[in-house]
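Read off the chains here:
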Amino acid sequence: MAYDKFTVLKSTAVPMPIENVDTDQIIPARFLKATERKGFGDNLFRDWRFENDGTPKKDFVLNNPIYTGKILVGGKNFGSGSSREHAAWAIYDYGFRCVVSSFFADIFKNNSLNIGILPVQVSEAFLDKIFKAIEANPKTELEVNLPEQKITIVGDGASESFEINGYKKHNMTNGYDDIDFLQSLKSDIKTFSEKSIY
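What you are looking at is a predicted structure, and each value in this text was computed from that prediction instead of being measured.

Q: Would you take a moment to explain the pattern of salt bridges for this structure?
A: Pairing between side chains of opposite charge can happen when the charged atoms of each approach one another. Inspection of the entire model under this criterion finds 6 salt bridges. With its nearest N and O atoms 3.5 Å apart, the salt bridge here joins Asp4 to Arg97. Pair noted here: Asp4 is in the segment before β1 (8-16) and Arg97 is in the loop between α3 (86-94) and β3 (98-101), with a separation of 93 residues, a long-range link. Glu124 is paired through a salt bridge with Lys76; the nearest N and O atoms lie 3.3 Å apart. Remark: Lys76 occurs in the loop between β2 (71-74) and α3 and Glu124 occurs in helix α5 (residues 124-136); sequence separation between them is 48 residues. What makes Lys76 partly exposed here is its relative accessible area of 36%.

What follows is the structure, given as structure tokens:
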């Protein structure tokens, strides 16, 4: 399934300075019955966002209209816990295209890259700088430049580079998942097979 191409994203951000956010908090286990990737955004951070009766919790950041954007800024060790890919689906379906943290759980990181979410890992010092910038001005924009592998706080120009696997970078910039990538090589594979002596 192809996803939006990711090159440069400039957006305000939603701050969530909470460490050790695990996948069960991102999408509780009781919402994992669906097999399609749509609709999970409704239950993103369900137990943090809503009371038992469905009433929004006023003190949770996603319910605060001051904070909007396509970038979620989380605390250290984001996406830990079980390997459920539904956590990445929920974040994507809600509308986020990038998650910034000082550390990601490996499986969550890979699940995100596979569906079009860019996990940007920065230093703890730069993460703190981002949180402080958003706290001072909720309209603070971040620019995430995937080709240059750089994230910038637009207001003051502070920036930091980030790492990404070359294969995943290629897929993100082209809007490919793994199957799309293989299909993009179809003509090359055909040419090779025609030249093969076997």
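Now that the structure has been shown, the text picks up again.
Q: For this particular structure, what's the right way to read the environment of Phe104?
A: Note that Phe104 resides in the loop between β3 and α4 (106-115). Given the relative accessible area of 1%, Phe104 is considered buried. Separated by 24 residues in sequence, Phe104 and Ser80 place their C-alpha atoms 7.3 Å apart. If we skip the residues at most four places from it in the chain, Phe104 touches Phe78, Val99, Lys109, Pro119, Val120 and Gln121.

Q: I would appreciate a short explanation of helix α6 (residues 166-174) in the present structure.
A: Two residues of an α-helix separated by three or four positions point the same way, owing to the 3.6 residues in each turn. Among the residues making up α6, those that are buried are Lys168, Lys169, Asn171 and Met172. Looking straight down α6, one finds that the buried residues subtend no more than 165° of arc, so they occupy a single side. Among the residues of α6, the N-terminal cap falls to Asn165, whose side-chain oxygen and the backbone nitrogen of Tyr167 are separated by 2.8 Å. Gly175 lies just past α6 and shows a positive phi near 75°.

Q: It is not clear to me how the packing of α3 against α4 should be interpreted in this structure. Could you clarify?
A: Geometry of a packed helix pair, given as the angle between the helix axes and the separation of the axes. Here α3 crosses α4 at 50°, and the two axes come no closer than 8 Å. The angle between α3 and α4 places the two elements in the oblique class. Note on packing geometry: the crossing formed by α3 with α4 is right-handed. Judged by residue contacts, Ala87, Ala88, Trp89, Ile91 and Tyr92 of α3 engage Phe108, Asn111, Ser112 and Ile115 from α4. Tallied by class, residues from the contact of α3 with α4 come to 7 nonpolar, 2 polar and no charged.

Q: What is the right way to look at the nonpolar core in this model?
A: For soluble globular proteins, the rule of thumb is that nonpolar side chains tend to be buried together. The biggest cluster of nonpolar side chains holds 27 residues, and the ones touching the most others in it are Ile26, Phe45, Phe78 and Ile91. Where this core is concerned, the elements lending two or more residues are β1, α3 and α4. Of all hydrophobic cores here, the second largest spans 26 residues; its members include Val73, Phe126, Leu142 and Ile164.

Conventions adopted
- Residues numbered from 1 in each chain as written.
- Predicted model: local features only at pLDDT ≥ 70, side-chain atom pairs only at ≥ 80, totals over all residues.
- Heavy atoms only, no water.
- Salt bridge = Lys/Arg side-chain N within 4 Å of Asp/Glu carboxyl O.
- Helix = DSSP H or I, 4+ residues; strand = E, 2+ residues; numbered from the N terminus.
- Buried < 20%, exposed > 50% of the residue type's maximum accessible area, 1.4 Å probe, protein only.
- Contact = heavy atoms within 4.5 Å.
- Arc of directions from axis to C-beta.
- Polar contact = N/O pair within 3.5 Å; in protein donor to acceptor, adjacent residues only side chain to side chain.
- Axes fitted to C-alpha atoms, helices over the stretch in contact; angles between N-to-C directions.
- Parallel < 35°, antiparallel > 145°, perpendicular 65-115°, else oblique.
- Left-handed = near helix turned anticlockwise from the far one by under 90°.
- Nonpolar A, V, L, I, M, F, W, Y, C, P; charged D, E, K, R; others polar.
- Core = buried A, V, L, I, M, F, W, Y, C linked by side-chain atoms within 4.5 Å.

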